[in-house]
Amino acid sequence: MGIEPNEHQIPRFMGNAPLTLITQKPLIALFLPMLQYFCVCGRGDRSRLAPMKPLFAALFLISQFVTPVVHAAGKPNVIYILADDLGYGDLSCYGQEKFKTPNIDRLAKEGLKFTAHYSGNTVCTPSRAVLMTGQHSGHCFVRGNLGNENEAALDAKMTVLPEVFKAAGYRTGAFGKWGLGHTHLAGATNPLSHGFDEYYGWKSQVIAHTYYPSTAVHNGREVPLKKGTYIHGPLMEHARDFIRRSVAAKEPFFCYIPTAIPHAAMHAPAELHAKWRKVFPQFDKKIGRYGAGGEACPDVVNPIAGFAAMMEHLDNEVGAVLALLAELGIDDNTLVMFASDNGAHKEGGHNPAFWNSTGGLRGYKRDMHEGGIRTPMLARWPGVIAPGKTTAHLSAFQDLLPTMCELTGQPVPKQNDGISFLPTLRGAAKKQAKHDYLYFEFCTGASKIRSQALRTGNWKAYRPVGKPLELFNLATDPYEKNNLAKSKPDLVAKMVALMKKAHVPVVPRK
Ligand SMILES: [Ca+2]
């Protein structure tokens, strides 16, 4: 494209190397007077410089080592791709065997794979609220999906994730499903009022059930879509265009891509859907149905094929993003992350049991067993994150905000509950602070508790409302089959106490 590489581009350097704040200016200031002195002196005077030769040689050598680190001080770009209802077993790098996700797998092969990362909650809205605020679900203002999604608007007084990037001088863009209120309303429910410079995507969370909406929202304005447009196409085109424009402007960027894939309905591009119907013709009599708040939401013949086709489409789009980074020469200065907002769903004809979408974990979307809340999490940043590694660092969505604060040098907002996992990304496990525990609660509406979960070390507590707490040892029982509560009363008491400590009642909005 002829676009110059981002001036903040970082060349490859060792993963644990510190990002020093040294700039080139002091070096120039040091060398310039020496150069002037050297030039001004006559030939006969150069002998006076002879005693300084070792000093010049040492400074030259230092400059050779310092220069790459100088570039490393630039601001890295960040791309965060959020899948929707993608289960722990839905990627081939996490064990999926019935289809491949080679492009997403590249993030694992060339980066870091998390095995103990948790979504913010077990459904869309409260999970995204955790991601944006850094508050866990015992503190967050919304802990379930809401009938009136505009009531999920973020608190305008909080500094939320995109605002951290804005404060650090980044361009910010969101492309997809916002999930925290309508996107075309001026004021608190609009992503643009919470730190995003640009937004393209669905008008509302309910309409995001269909991939064939009649309109999209672009920067707060509804724009009509030609009938039959699969919105994920233009959505990703806008995301890539945002990346290109940011690089052309030589500005670091934060690109948030909350795709709705593979959430119901099982809509996929026609060509891919036809391809997968030939692979699984035995499901051609099955019809997938879903609704989208009055918008057209076509039935899907063979939703099994539809799911595989959606996943292939998503994987192709991730591949296109990675290809763009290489084309623009910003591979080494771009952190790409991938996760899902909650576990596998059972809607629109999707059959997570057929696909082993949870990777064997117990439970699905809407419950607090591992299958509802544990998510794949991948992070690729060539030259900084060592390739092909796996980490069992216990982490969750609330950790993204402080991680990005540390990455961009911004103060951590006071509402934050998370712990930066930047040391883990850099391979500095010994410097990584750890959670004593992770707490989760899922509510009907914003605040009526349906179930709770708590993880500390390898111990997992699960408590549906009104029932006794169940206790599992995930080290020996990863699929939560053996409830040890009766044999561990002291541990149960500890878990109950931690749940009580972590839960703060929702404060009603005025
Ligand atoms: Ca979801």
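As a reminder, the structure under discussion sits directly above these lines.
Residues numbered from 1 in each chain as written. Predicted model: local features only at pLDDT ≥ 70, side-chain atom pairs only at ≥ 80, totals over all residues.

Engineer: Give a detailed account of helix α6 (residues 232-248), specifying residues and quantitative values.
Structural biologist: Along its 17 residues, α6 runs 24 Å from first to last C-alpha, staying within 8% of the 24 Å computed at 1.5 Å per residue. Residues of α6 that are buried: His232, Leu235, Met236, His238, Ala239, Phe242, Ile243, Ser246 and Val247. Looking at the buried positions of α6, the neighbouring elements they touch are β3 (171-176), β4 (198-201), β7 (253-258) and α8 (303-328). In the stretch just after α6, Lys250 is the one whose phi turns positive, near 55°. (Helix = DSSP H or I, 4+ residues; strand = E, 2+ residues; numbered from the N terminus. Expected span 1.5 Å × (residues − 1). Buried ≥ 20, exposed ≤ 12 C-beta atoms within 10 Å, placed from the backbone. Contact = placed C-beta atoms within 7 Å.)

Engineer: An account of the sheet that holds strand β16 (residues 459-464) is needed here, citing residue identities and associated values.
Structural biologist: Spatial ordering of the open sheet is given by β14-β15-β16-β17, a layout of four strands whose pairing is antiparallel. Two strands lie at the open edges of the sheet, namely β14 (438-444) and β17 (470-473), each paired on one side alone. Pairs of neighbouring strands in the sheet enclose a mean axial angle of 15°, with direction left out of account. Pairing of strand β15 (residues 448-456) with β16, which is carried by six bridges, proceeds in the antiparallel orientation. The partner of Thr456 across the bridge, within β16, is Trp459. Where helix α13 (residues 489-502) meets the sheet, it contacts β14, β15, β16 and β17, and its direction lies at approximately 120° from that of β15. (Pairing = 2+ DSSP bridges. Axes fitted to C-alpha atoms, helices over the stretch in contact; angles between N-to-C directions.)

Engineer: Which residues make up the pairing of β15, and what values go with them?
Structural biologist: Taken residue by residue, a regular strand's side chains alternate between the two faces of the sheet. Pairing geometry for β14 and β15, over seven bridges, is antiparallel. Within the sheet, the bridge partner assigned to Leu438 lies in β15 and is Arg455. As consecutive antiparallel partners, β14 and β15 are separated by three residues, and within that stretch Gly445 has a phi angle of approximately 65°, a positive value. Between β15 and the antiparallel strand that follows it, β16, lie two residues; Gly457 among them carries a positive phi value of about 60°.

Engineer: How would you explain α8 if you had to name every residue and give the values?
Structural biologist: Between the first and last C-alpha of α8 there are 37 Å, a value that for 26 residues agrees with the 38 Å anticipated at 1.5 Å per step. Among the 26 residues that make up α8, 19 are buried, leaving the element largely enclosed by the rest of the structure. After α8 finishes, the residue Gly329 shows a positive phi value of roughly 75°.

Engineer: Quick one: what's the story with the packing of α6 against α8, residue by residue and with numbers?
Structural biologist: In contact at an axis separation of 11 Å, α6 and α8 are set at 15° when each is read in the N-to-C sense. Taken together, the axis directions place α6 and α8 in an arrangement best described as roughly parallel. Where α6 crosses over α8, the handedness of that crossing is right-handed. Taking contact as the criterion, the partners of His232, Met236, Arg240, Ile243, Arg244 and Val247 in α6 are, on α8, His313, Glu317, Ala320, Val321, Leu324 and Leu328. The residue inventory of the contact of α6 with α8, partitioned by class, reads seven nonpolar, two polar and three charged. (Parallel < 35°, antiparallel > 145°, perpendicular 65-115°, else oblique. Left-handed = near helix turned anticlockwise from the far one by under 90°. Nonpolar A, V, L, I, M, F, W, Y, C, P; charged D, E, K, R; others polar.)

Engineer: How would you sum up unusual backbone geometry? Please name residues and give values.
Structural biologist: Across the junction of Ile261 and Pro262, the peptide omega takes the value 0°, indicating a cis bond. Along the chain, Pro262 falls in the loop between β7 and α7 (270-279). Residue Ala264 is joined to Ala265 through a cis peptide bond whose omega torsion reads -5°. Within the secondary structure, Ala265 is located in the loop between β7 and α7.

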